[in-house]
Amino acid sequence: MKKLVLKIMMIVLVSMFYFSPISAQVSQQQADKLDSLITKLVNQERYSDAIDTQKKRLDILKELHGETDTTYIEGLVFLGKYYARNQQLDEAIKTLRKATSLYEENISSSDGDFAYYLDNLAFYLSAAQQTEEAELIGRRALSIYEKKGKLDEHLAAILLHLAETCHENKRYQEAIQFELRSLSIIKKLMGEHSEEYINELAYLQKFYESAGEKERVDNMKERIDKLVKERNEGYVDLPKLVEFKTPEICHMHNNDALRCCAYFLTHRLSAPNMNEAAKYILNWSYSTADVHIEINEMIGQFLTNQNEMAYMIAYTAATSYYCLTQNHEWIDEEGYVRVMHTLLDFYDQNKDLSGKIDSLENYLKLRKKEKLDQQLLKDYQKLRESSKSKM
């Protein structure tokens with residue numbers, strides 16, 4: 001009898017160790033599938049469905065990792081966002097209170113993520129007209145995050161949210177000061193002709209008006225009108241070209257490279273800053289170790305004709321943008337397809353200036369027949385084989 005019991009125990013133990021990892025793997029796969037579904041639902045603005053799906057995902061994450069794991073807490077933060085977008089502010093606040101409490105008690109009360117989660121909570125409280133508590137929490141978020149010494153988009157967001165809350169609480173001068181600090185960061189990151197900067201200037205104008213500073217209100221209106229006019233004429237603020245001596249220097253300027261790539265790909269060749277953007281892209285891409293530009297025979301032909309060189313730059317810009325935003329060093333299959341579609345869009349908008357290119361015209365015809373992606377997948381395989389043969 002004793003031997004039988006021991007044998008049963010051994011079978012149970014083996015089963016536990018054999019089946020548990022598989023079960024966990026399946027559950028993680030289910031969570032990942034739900035995450036992909038949630039992204040689609042949010043893009044379709046189906047927030048109620050996204051909420052229900054995120055709850056199911058959270059149940060899996062809780063079972064896998066527990067409530068004190070950062071993955072679960074981050075999931076709560078996203079659930080709060082979906083509640084807010086679905087105009088369920090009470091639920092959003094409740095969810096963020098739980099997320100910040102779990103994070104503070106189990107992870108950290110002084111890191112950047114905690115400050116970011118506090119800012120989310122403050123934002124929802126302000127939207128629910130609970131502005132006094134929102135201001136207190138917003139100030140705490142700011143005091144934590146500014147100790148990091150980072151002048152980035154997260155600090156800018158915390159500052160502008162706090163500015164709006166102070167304005168609601170009739171602390172107009174503090175609202176102005178917080179808004180000015182946020183604007184200085186946005187200007188550095190995106191330029192004063194960016195939509196984000198100009199939109200925030202309108203808030204600053206409102207704050208000046210509330211504070212009774214009429215002259216500054218009038219000056220701000222003139223400045224906004226001037227920047228909008230210049231932006232409509234195609235003027236943007238691109239980063240100044242630096243000497244990219246090392247990959248480390250390139251890495252420090254990845255965000256600037258992204259700005260130049262985005263500008264180049266979304267403007268006509270006749271736009272005022274195209275040469276400036278092109279120089280930055282080429283110099284950065286030549287020295288960076290974060291992105292490797294692979295070219296096939298068709299792309300390589302663009303190097304032989306001055307009028308077609310712009311499309312080599314566009315290909316480089318599209319590849320760099322994809323790889324940097326997806327954290328890839330080399331282009332993958334999906335990225336190659338997206339890059340080539342971006343290149344074709346750029347060509348279609350500019351071929352009247354550069355002249356027609358037979359290879360790209362053929363691709364446009366394939367796209368019209370919905371056969372382009374099939375061809376691009378074949379092209380990508382050839383690109384991979386060519387790269388392997390050179391190694």
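Relevant structure appears above.
Remember, it's a predicted structure, so these values are computed and weren't measured experimentally. Residue numbers run consecutively from 1 along every chain, following the written order of its sequence. Residues qualify for local features only when their pLDDT is at least 70, as the model is predicted, and side-chain atom pairs are given and counted only at 80 or more; totals for whole chains, interfaces and linings, by contrast, use all residues. Calculated side-chain values reflect all of the structure's heavy atoms, with hydrogen atoms and water omitted.

Undergrad: Now, about the overall build of the protein: what can you tell me, with residues and values included?
TA: Numbered from the N terminus, helices here are DSSP runs of H or I no shorter than four residues, and strands are runs of E no shorter than two. When helices and strands are tallied, the protein shows 18 helices and 0 strands. C-alpha atoms of the protein, sized along the principal axes, occupy 85 × 70 × 45 Å. Here the protein holds 391 residues, and 42% of them are scored as buried. Contacts in the protein between residues far apart in sequence, at least 24 positions, make up 62% of those at least 6 positions apart. Relative accessibility decides the category of a residue: with a 1.4 Å probe and only protein chains considered, values under 20% of the type maximum give buried, values over 50% give exposed, and everything between is partly exposed. Between two residues, a contact is recorded if the distance between any of their heavy atoms is within 4.5 Å.

Undergrad: Give a description of a positive patch on the surface that names residues and reports values.
TA: A contiguous patch of positive charge, built from Lys356, Lys365, Lys369 and Lys371, is present on the exposed surface. Under the relative-accessibility criterion, Lys356 is labelled exposed at 64%. Patch membership requires more than 30% relative accessible area and the absence of a salt bridge. Residues of like charge join within 9 Å; the nonpolar side chains Val, Leu, Ile, Met, Phe, Trp and Tyr join within 5 Å. For accessible areas, the Shrake-Rupley method is used with a probe of radius 1.4 Å. Any residue's cover is judged against the shown protein chains and nothing else. Salt bridge, as used here: a side-chain nitrogen of Lys or Arg that lies within 4 Å of a carboxyl oxygen of Asp or Glu. In this tally, Asp and Glu contribute negative charge and Lys and Arg positive charge; neither His nor the terminal groups of the chain are included. Each charge is placed at NZ for Lys, CZ for Arg, CG for Asp and CD for Glu.

Undergrad: Account for the packing of helix 7 (residues 153-168) against helix 9 (residues 195-210), naming residues and giving values.
TA: Direction vectors running N to C along helix 7 and helix 9 enclose 25 degrees, while the axes themselves pass 11 Å from each other. Considering the angle they form, helix 7 stands roughly parallel to helix 9. Both helix 7 and helix 9 take part in a crossing whose hand is left-handed. Contacts from Leu160, Ala163, Glu164 and His167 in helix 7 reach Glu200, Tyr203, Lys206, Phe207 and Ser210 in helix 9. All amino acids are sorted into three groups, where Ala, Val, Leu, Ile, Met, Phe, Trp, Tyr, Cys and Pro are nonpolar, Asp, Glu, Lys and Arg are charged, and the leftover types, Gly among them, are polar. Tallied by class, the residues present in the contact of helix 7 with helix 9 amount to 4 nonpolar, 2 polar and 3 charged. A fitted line through C-alpha atoms represents every axis, and for helices the fit uses only the stretch in contact; the resulting angles, taken between N-to-C directions, go from 0 to 180 degrees. Note on terminology: angles under 35 degrees are roughly parallel, angles over 145 are roughly antiparallel, angles of 65 to 115 are roughly perpendicular, and the others are oblique. In this scheme the crossing of two helices becomes right-handed for a clockwise turn of the near helix relative to the far one and left-handed for an anticlockwise turn of less than a right angle.

Undergrad: Let's hear about the packing of aromatic side chains: which residues, and what values?
TA: Planes of paired rings set the category: under 30 degrees apart is stacked, over 60 is edge-to-face and the rest tilted, where pairs are Phe, Tyr or Trp rings (Trp by its six-membered ring) whose centres lie within 6.5 Å. Counted under the stated rule, the structure contains 11 aromatic pairs. Measuring from ring centre to ring centre gives 5.4 Å for Tyr103 and Tyr117, while their planes differ by 90 degrees; the resulting arrangement is edge-to-face. Of this pair, Tyr103 sits in helix 4 (residues 89-106) while Tyr117 sits in helix 5 (residues 112-127), and the two are 14 residues apart along the sequence. Between Phe264 and Phe346, the aromatic rings sit 5.2 Å apart at their centres with planes inclined by 25 degrees, giving stacked as the arrangement.

Undergrad: Give a detailed account of the pattern of salt bridges, specifying residues and quantitative values.
TA: In the structure shown here, the tally under the stated rule is 25 salt bridges. In this structure, the salt-bridge partner of Asp218 is Lys214, at a minimum N-O distance of 3.0 Å. Of this pair, Asp218 and Lys214 both sit in helix 10 (residues 214-232), 4 residues apart, which is roughly one turn of that helix. Overall, the relative accessible area of 36% leaves Asp218 in the partly exposed class.

Undergrad: Talk me through the side chain of Arg57; I want residue IDs and the actual numbers.
TA: Looking at the element boundaries, Arg57 is found in helix 2 (residues 47-65). Excluding residues that lie within four positions of it along the chain, Arg57 makes contacts with Ala31, Leu34, Asp35, Ile38 and Gly75.

Undergrad: Report on the nonpolar core, specifying residues and quantitative values.
TA: Take the buried residues of types Ala, Val, Leu, Ile, Met, Phe, Trp, Tyr and Cys, join any two whose side-chain atoms come within 4.5 Å, and each joined set is a nonpolar core. In terms of nonpolar packing, the biggest core is built from 63 residues, with Leu142, Phe178, Leu201 and Leu204 touching the most fellow members. In this structure, Phe178 is in contact with Arg139, Leu142, Leu159, Leu162, Ala163 and Cys166, ignoring residues within four places of it in sequence. Within the second largest apolar cluster, 49 residues are counted, among which are Ala277, Val291, Tyr311 and Tyr380.

Undergrad: Report on helix 13 (residues 274-287), specifying residues and quantitative values.
TA: Here the expected span of a helix is defined as 1.5 Å times the quantity of residues minus one. Between its first and last C-alpha, helix 13 extends 20 Å over 14 residues, near the 20 Å set by a 1.5 Å rise per residue. Burial in helix 13 covers these residues: Met274, Ala277, Ala278, Tyr280, Ile281, Trp284, Ser285 and Ser287.

Interpretation in functional terms is not warranted from these geometric data alone.
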